[in-house]
Protein chains: 2
Amino acid sequence: MNLVYEALAHPTRRQIIALLRQGDRPAGEIATHFDIAKPTLSGHLRVLREAGLVIGERHGTSIVYSLQLSLLEESLAALLDLFKIDSAKPPEPDRS
Amino acid sequence: MNLVYEALAHPTRRQIIALLRQGDRPAGEIATHFDIAKPTLSGHLRVLREAGLVIGERHGTSIVYSLQLSLLEESLAALLDLFKIDSAKPPEPDRS
DNA sequence: TCCCTTATTAGGCAACAAGCGAATTATATC
DNA sequence: GATATAATTCGCTTGTTGCCTAATAAGGGA
């Protein structure tokens, strides 16, 4: 789970996620949306992949990336759990 | 908002949040839960403070930390927006 | 005021992350 | 096999993060 948080920590990677929300895309097409070198973007994609947030499937010479929504939901659930905004009572046991 | 994600990227800082969910605590008491030097923990608290996730109020010689739930909720909303799990249709326009 | 407690800031170092250009791998086509 | 295209890995530089010890600031009580 730690990998997910680290992956989300970089603005470019969050933008990649937002981009993939609109549909799957090959790495090269993703790259056109950013002003960074291709190897740098490839590194970001690797981080997202290792966190399990995206998967890349080879189609011919391209590698098409798509979101792993299941893990995204899990991450959100974990975050909700961390903050416990969802659950029953407000977190105030005693505190004099 | 970037600061929030960066703040959440470190396990210790997430544990601090989880701890504060159970009630406000002075910095020193927080420190007893971790096996790190006090200045290091103070640094983590600074990161959380600058992200707006916690606030520290001086009570005598202590500085009592508490969560800023409002910003936590905003962060969650932003995350939901990023993933759009909440909204209407699944993000699959075409894809042959 | 002087001392003790609590917490932060300052300084320094090792480890990591982000970026790039060049080289490499993988697939498709001729 | 040779060539072209797409994406990654490699080697490197630069800047940041995380950790520590030592020093400093802020308060409370004798």
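Whatever comes next refers back to the structure up there.
Residues numbered from 1 in each chain as written. Chains lettered and ligands numbered in written order. Predicted model: local features only at pLDDT ≥ 70, side-chain atom pairs only at ≥ 80, totals over all residues. Heavy atoms only, no water.

**Q** Would you mind showing me how to read the sheet that holds strand E1 (residues 25–26) of chain B here?
**A** Hydrogen bonding along the main chain pairs the strands of a sheet, whether they run parallel or antiparallel. Residue and element names in this part refer to chain B. Taken in spatial order, the three strands line up as E1-E3-E2 in an open sheet, and their pairing is antiparallel. Two strands lie at the open edges of the sheet, namely E1 and strand E2 (54–59), each paired on one side alone. Bridge count between E2 and strand E3 (residues 62–67): six bridges; the pairing is antiparallel. Each residue of the ladder has a partner; that of Glu57, found in E3, is Val64. Packing against the sheet, helix H2 (residues 11–21) makes contact with E1, E2 and E3, and its axis sits at approximately 90° to E3. (Pairing = 2+ DSSP bridges. Helix = DSSP H or I, 4+ residues; strand = E, 2+ residues; numbered from the N terminus. Contact = heavy atoms within 4.5 Å. Axes fitted to C-alpha atoms, helices over the stretch in contact; angles between N-to-C directions.)

**Q** Explanation requested: the side chain of Ser66 of chain A in the structure shown.
**A** Along the chain, Ser66 of chain A falls in strand E3 (residues 62–67). Excluding residues within four positions of it along the chain, Ser66 of chain A makes contact with Leu20, Asp24, Leu53, Val54 and Ile55 of chain A.

**Q** Before we go on, may I ask you to explain the protein's contact with DNA strand D in this structure?
**A** Taken together, 21 residues sit near DNA strand D, with Ser42 and Tyr65 of chain A together with Ala37, Thr40 and His44 of chain B positioned nearest. Each atom of DNA strand D within 4 Å of the protein was classed as base or backbone; sugar and phosphate made up 80%. The contact in question runs from a phosphate oxygen of DNA strand D to an N or O atom on the backbone of Ala27 of chain A, over 3.2 Å. Within the contact set of DNA strand D, a phosphate oxygen lies 2.6 Å away from a side-chain nitrogen or oxygen of Thr40 of chain B. Taken together, the elements giving at least two residues each to the surface near DNA strand D come down to helix H3 (27–31), helix H4 (38–50) and E3 of chain A together with helix H4 (38–50) of chain B. For the surface near DNA strand D, the element with the most residues is H4 of chain A, which contributes four residues. Class assignment of the residues belonging to the surface near DNA strand D gives a composition of eight nonpolar, nine polar and four charged. (Near = heavy atom within 4 Å. Polar contact = N/O pair within 3.5 Å; in protein donor to acceptor, adjacent residues only side chain to side chain. Nonpolar A, V, L, I, M, F, W, Y, C, P; charged D, E, K, R; others polar.)

**Q** What should I look at first to understand the nonpolar core in this one?
**A** Side chains that are nonpolar tend, in soluble globular proteins, to be buried together. Grouped together as the largest cluster of nonpolar side chains are 46 residues, with contacts concentrated most on Ile16, Ile30 and Leu53 of chain A together with Ile16, Ile30 and Leu53 of chain B. With sequence-adjacent residues up to four places away left out, Ile16 of chain B is seen in contact with Ile30, Phe34, Leu41, His44, Leu45 and Leu48 of chain B. (Core = buried A, V, L, I, M, F, W, Y, C linked by side-chain atoms within 4.5 Å. Buried < 20%, exposed > 50% of the residue type's maximum accessible area, 1.4 Å probe, protein only.)

**Q** Would you take a moment to explain the sheet that holds E3 of chain A for this structure?
**A** Residues and elements named next belong to chain A. Here three strands make up an open sheet; going across it, the order is E1-E3-E2 and the pairing antiparallel. What marks the edges here is a single partner per strand, and that holds for strand E1 (25–26) and strand E2 (54–59). Against the sheet, helix H2 (residues 11–21) engages E1, E2 and E3, with an angle of about 90° to E3.

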